[in-house]
Amino acid sequence: MTLDKPYYPNSPIKNIQSLADFLQVNEAVIKKIAANPAAYYNSFPLESERPDGTKKIRNISDPKPDLKLIQRRLVDRLFSKVEFPLYLTGGIRDDSNPRDYVLNAAMHCGAYVVISNDIKNFFPSVRKKLILEIFKHFFHFPSDVSELLAQLVTLDNYLPQGAPTSSYLANLVFFDIEYQLVSYFRSRELIYSRLIDDIVVSSKKRISKEQIEDVITRLSRMVRGKGCKLHAKKKTIVSRSTASELMYITGLWINNGSPRVGVNERKIIRALVSNCEHGYKVDPTSNAYHAEYNSVSGKVAKLTRLGHVEADSMRATLSKRLPLLSESDEKKLVREVKRVSKYLQSHSLTAGARHRLDKINYKLTILARSNRIVAGRLRADIRRAVSIAKAGAK
């Protein structure tokens, strides 16, 4: 049986003390953070690249360690227990059916007509009132618990981009109306998917202009029902009847039987791999080269995942041009390991400490390329310190 509506199988959290027990965080700490959540975020603009190569600036709000710990536990202990229907394809942890832009595109391969649009300013449009409704009417939590949780996952009364909980809540915004639209579309042999704020509806056969307008009208009605609106300038309708128009969904070409990267994008990636060869010769230890290599490596990984044969040769080229640490960066890393090791001998393994350790382990991997002995010694120091911290927490 197809699951159209998100479903939470567990019992509701009955009161705030139960919530504190559920999160393993002191009730007073939870209330203190909830009283002034803005003090527990670092906000900054982040430039990202769209699939077509253009740049986009997003305002990111990264929770500080105390709040991030609570939000991550909400993800692990609450949101990850929700059973999400497969038409929701983004920001959901799902080992059996990985949710991402590839699944989103794959659902529509073989389509004759593709209708796509996105929700304008989606995250800022999701107000605290909507989040409160999710906790009260989807999870069925009492008002005081719902209010406290809504405070812990919103910033300035809206859903912040960058918080661990935000993608899950974005998938639940339409929990009480989206499934009805999906059922309606299925009855008309239409396929629906949503990747957070990107909505796609497709048909494997020709449909009339009136049917297309009906789809758009119903999508608009659904998002307006939650105080959002579609982005009129980003609406696209592509049909196989127009041979010159290739079908792209979330940056992937779907005219063939499986999602693929377009020819032009593959040419660009090949050129970027060649640029890495030049950057390596100039200075493989520079921050600029590290950033360049990581970006290109991610693009090659995309080709590998989608089965492009040229990805193997590109990866082989990159493997000979791995970034390295400079002598000064190696010394900084040694000092950082000493500081963290000393800290862990008298402190518990907090979320902030884990974050520092992740960064250190990443740099140790790079160091091992040029100095395996020192990297091994530093890893052993970190392991001992972590063991001490864990023992002290028992």
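Residues numbered from 1 in each chain as written. Predicted model: local features only at pLDDT ≥ 70, side-chain atom pairs only at ≥ 80, totals over all residues. Heavy atoms only, no water.

*Asks:* Would you mind going over the pattern of salt bridges with me for this structure?
*Replies:* Proximity of charged atoms lets side chains of opposite charge pair with each other. Applying the stated criterion across every chain, the model contains 21 salt bridges. Here arginine 93 ties to aspartate 76 by a salt bridge, and the two come within 3.1 Å at their closest N and O atoms. On the criterion of sequence distance, the pair formed by arginine 93 in the loop between helix H3 (65–77) and helix H4 (101–106) and aspartate 76 in helix H3 is long-range, its members being 17 residues apart. Residue aspartate 76 is classed as partly exposed on the basis of its relative accessible area of 38%. Notably, a salt bridge pairs glutamate 178 with arginine 194, separated by 2.8 Å at the nearest N-O pair. You can see glutamate 178 sitting in helix H9 (residues 178–187) and its partner arginine 194 sitting in strand S4 (residues 190–195), a full 16 residues away along the chain. Of the two residues examined, glutamate 178 and arginine 194, each falls in the buried class. Overlapping salt bridges bring together Glu133, Asp176 and Lys226 as one network. (Salt bridge = Lys/Arg side-chain N within 4 Å of Asp/Glu carboxyl O. Helix = DSSP H or I, 4+ residues; strand = E, 2+ residues; numbered from the N terminus. Buried < 20%, exposed > 50% of the residue type's maximum accessible area, 1.4 Å probe, protein only.)

*Asks:* Sorry if this is basic, but what is going on with the packing of H9 against helix H10 (residues 209–224) here?
*Replies:* Between two packed helices, both the angle of their axes relative to each other and the distance between the axes serve to describe the pair. Closest axis-to-axis distance for the H9/H10 pair is 10 Å, and the angle between their directions is 170°. Classified by the angle between their axes, H9 and H10 sit roughly antiparallel to one another. Contact with H9, carried on its side by Glu178, Leu181, Tyr184 and Phe185, involves Asp214, Val215, Arg218, Leu219 and Met222 of H10 and no other residues of that element. By residue class, the composition of the contact of H9 with H10 is 6 nonpolar, no polar and 3 charged. (Axes fitted to C-alpha atoms, helices over the stretch in contact; angles between N-to-C directions. Parallel < 35°, antiparallel > 145°, perpendicular 65-115°, else oblique. Contact = heavy atoms within 4.5 Å. Nonpolar A, V, L, I, M, F, W, Y, C, P; charged D, E, K, R; others polar.)

*Asks:* What should I look at first to understand the layout of surface pockets in this one?
*Replies:* In this approach the atoms are scanned with a rolling probe the size of a water molecule, which exposes any empty space left behind. Roughly 260 Å³ of volume is contained in the second largest pocket. If you trace the second largest pocket, you find 13 residues lining it, with Asn287, His290, Leu325, Asp329 and Lys363 closest to the centre. The element that contributes the greatest number of residues to the lining of the second largest pocket is helix H14 (residues 327–344), accounting for 5 residues. Grouping the amino acids of the lining of the second largest pocket by side-chain chemistry returns 4 nonpolar, 4 polar and 5 charged. (1 Å grid on protein atoms, 1.4 Å probe; cavity = no way out; pocket = protein on both sides within 12 Å on 5 of 7 lines; lining within 4 Å. Points joined across faces, edges and corners; volume = space filled by probe spheres on them.)

*Asks:* Quick question: what am I supposed to make of the pairing of S4 here?
*Replies:* Side-chain positions along a regular strand alternate between the two faces of the sheet. For S4, the tally of buried residues reaches 5 of 6 residues, placing the bulk of the element in the interior. When S4 meets strand S5 (residues 198–203), the two strands line up antiparallel, connected through 6 bridges. Across the sheet, residue isoleucine 191 finds its bridge partner in S5, namely serine 202. Hairpin connection from S4 to S5: 2 residues lie between these consecutive antiparallel strands, with isoleucine 196 at a positive phi of about 60°. (Pairing = 2+ DSSP bridges.)

*Asks:* What exactly am I supposed to notice about the sheet that holds S4 here?
*Replies:* Pairing is antiparallel across the open sheet formed by 4 strands, whose spatial order is S4-S5-S3-S6. One side of each edge strand has no neighbouring strand; the edge strands of this open sheet are S4 and strand S6 (236–239). Averaged over all adjacent pairs, the angle separating strand axes in this sheet is 15°, with direction ignored. Most of the contacts of H9 go to S4, to which it runs at about 150°, and overall it touches S4 and S5. Its contacts with the sheet place H10 against strand S3 (113–118), S4, S5 and S6, and it is angled at close to 150° to S5.

*Asks:* Could you clarify how one ought to interpret the nonpolar core in this entry?
*Replies:* Generally speaking, nonpolar side chains in soluble globular proteins are found buried as a group. Judged by nonpolar contacts, the single largest core of 71 residues is most densely connected at Phe79, Phe135, Phe139 and Tyr192. Formed by 24 residues, the second largest nonpolar core is a distinct cluster that contains Val114, Tyr289, Ala311 and Met314. (Core = buried A, V, L, I, M, F, W, Y, C linked by side-chain atoms within 4.5 Å.)

*Asks:* Just checking my understanding: could you explain unusual backbone geometry for this structure?
*Replies:* For residues that are not glycine, phi is negative in most cases, and the peptide bond is trans in most cases. For aspartate 156, which is not glycine, the phi dihedral falls at a positive 55°. The topology assignment puts aspartate 156 in the loop between helix H7 (143–153) and helix H8 (166–172).

*Asks:* Before we go on, may I ask you to explain the environment of serine 202 in this structure?
*Replies:* Mapping serine 202 onto the fold places it in strand S5. Those residues in contact with serine 202 that sit more than four places away from it in its chain are His108, Ala111, Val113, Val114, Glu189, Leu190 and Ile191. For serine 202, the side chain forms a polar contact with the side chain of histidine 108, separated by 2.6 Å. (Polar contact = N/O pair within 3.5 Å; in protein donor to acceptor, adjacent residues only side chain to side chain.)

*Asks:* Can you walk me through helix H6 (residues 128–138) in this structure?
*Replies:* Structurally, the α-helix is built with 3.6 residues per turn, so residues lying three or four positions apart point the same way. Listed in full, the buried residues belonging to H6 are Lys128, Leu130, Ile131, Ile134, Phe135 and Phe138. Around the axis of H6, the buried residues are gathered within 165° of arc, so they sit on the same side. Buried-residue contacts for H6 involve helix H5 (122–125), H7 and H8. Where H6 terminates, the next one or two residues include histidine 140, which has phi positive at roughly 65°. (Arc of directions from axis to C-beta.)

*Asks:* I would appreciate a short explanation of the side chain of serine 116 in the present structure.
*Replies:* Note that serine 116 resides in strand S3. Serine 116 sits in the buried class, given a relative accessible area of 15%. There is a polar contact of 2.4 Å between the side chain of serine 116 and the side chain of threonine 236. When sequence neighbours within four positions are dropped, the list of residues in contact with serine 116 reads Ile199, Val200, Lys234, Lys235 and Thr236.

*Asks:* What's the story with the packing of aromatic side chains in this structure? I'm lost.
*Replies:* Think of a pair of aromatic rings as described by two things: how far the centres are apart, and how the planes are tilted against each other in angle. Applying the stated rule across the entire model yields 17 aromatic pairs. Relative to phenylalanine 139, the ring of phenylalanine 79 lies with its centre 5.8 Å away and its plane at 70°, an arrangement referred to as edge-to-face. Taken as a pair, phenylalanine 79 in the loop between H3 and H4 and phenylalanine 139 in the loop between H6 and H7 lie far apart in primary sequence, 60 residues in all. This pair shows no difference in class: phenylalanine 79 is buried, exactly as phenylalanine 139 is. Residues phenylalanine 84 and tyrosine 168 carry aromatic rings whose centres are separated by 6.1 Å and whose planes lie at 50° to one another, so their mutual orientation is tilted. Linking phenylalanine 84 in the loop between H3 and H4 with tyrosine 168 in helix H8, this pair joins segments that are 84 residues apart in sequence. With a relative accessible area of 6%, phenylalanine 84 lands in the buried category. (Phe/Tyr/Trp six-rings, centres within 6.5 Å; stacked < 30°, edge-to-face > 60°.)

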